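Coordinates in review
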Amino acid sequence: MAKVLAAQRKWTGPMPLRFVVCEEFDTLRAKLTAGEIDAFLWERFMTKPYHDRGELRLIGEVPTPWPCFMVATRKGYPCESVLRWMASVLAEASSFQHDQSGKSIAELTTSFGLSQDDATLWLSQVRYCSQIGVSTRVLHDTRNFLHKIGVIETLQLDVADYVLDNALLQNQSLPE
């Protein structure tokens, strides 16, 4: 995401980026406080309780030029079981997002320290896909962008190798 940010801000030329792997959020916060790192990129709502109480400072956001989450498997993996799992995850996510009892908001406030207003806002901004799969166009655009910012060296990747057979996808039902 650092390279995405640099491309979005049109920072050009060689940039000596040094990445420090922090493994988890608590380690990341400790390294920032100790001055071992200068900045980090993390999901906005998961950091909000920390910048609300002054431990961290929010200086901006970096929208991703592709879907934020995806599931990938190696070629030849039995995709039917992954598709069934994905359908169940999407059903659970949809149920969580559309919960009218307040249980989802309560779980977000308890688990992540969000205020009720922040949890409500977060849920209102999350969008879950309505179908399993990713379009060839999204893969092309993502591949091209990653090549442009130097994450991948070649455009010779055949995106067709990364798209499931449409017949397989059409047999999967998703929750409304």
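These lines cover the structure that appears in this document, whether it is placed above or below. These numbers come from a predicted model, not from an experiment.

For the rest of this paragraph, the subject is the overall build of the protein. A count of helices and strands for the protein gives eight helices and zero strands. Listed N to C, the secondary structure of the protein is α-α-α-α-α-α-α-α in terms of helices and strands. In the protein, which comprises 176 residues, the share counted as buried stands at 25%. Here the analysis covers contacts within the protein between residues at least 6 apart in sequence; of these, 56% occur between residues at least 24 apart. Accessible surface computed for the protein: about 12,900 Å², of which carbon and sulfur atoms make up 53%.

Another point: the nonpolar core. Within the largest apolar cluster, nine residues are counted, these being Phe45, Met46, Ile105, Leu108, Leu114, Ala119, Trp122, Leu123 and Val126. For this core, the secondary-structure elements that each account for two or more residues are helix H3 (44-52), helix H5 (103-112) and helix H6 (116-125). By residue number, the principal contributor to this core is H6, which donates three residues. Apart from the residues lying within four places of it in its own chain, the contact partners of Trp122 are Glu43, Phe45 and Leu108. Counting six residues, the second largest nonpolar core, distinct from the first, contains Phe25, Leu28, Tyr50 and Leu56.

Contact pair H3 / H6: the axes reach a minimum separation of 11 Å and the direction vectors enclose 160 degrees. By the criterion of interaxial angle, the relationship of H3 to H6 is roughly antiparallel. In the crossing of H3 with H6, the sense of the turn from one axis to the other is right-handed. On H6, the residues touching Arg44, Phe45, Lys48 and Asp52 of H3 are Asp118, Leu121, Trp122 and Gln125. Looking at the contact of H3 with H6, its residues break down into three nonpolar, one polar and four charged.

Each value, and the rule that gives it
Residues numbered from 1 in each chain as written. Predicted model: local features only at pLDDT ≥ 70, side-chain atom pairs only at ≥ 80, totals over all residues. Heavy atoms only, no water. Helix = DSSP H or I, 4+ residues; strand = E, 2+ residues; numbered from the N terminus. Buried < 20%, exposed > 50% of the residue type's maximum accessible area, 1.4 Å probe, protein only. Contact = heavy atoms within 4.5 Å. Areas by Shrake-Rupley, 256 points an atom, 1.4 Å probe, with all protein chains shown as cover. Core = buried A, V, L, I, M, F, W, Y, C linked by side-chain atoms within 4.5 Å. Axes fitted to C-alpha atoms, helices over the stretch in contact; angles between N-to-C directions. Parallel < 35°, antiparallel > 145°, perpendicular 65-115°, else oblique. Left-handed = near helix turned anticlockwise from the far one by under 90°. Nonpolar A, V, L, I, M, F, W, Y, C, P; charged D, E, K, R; others polar.

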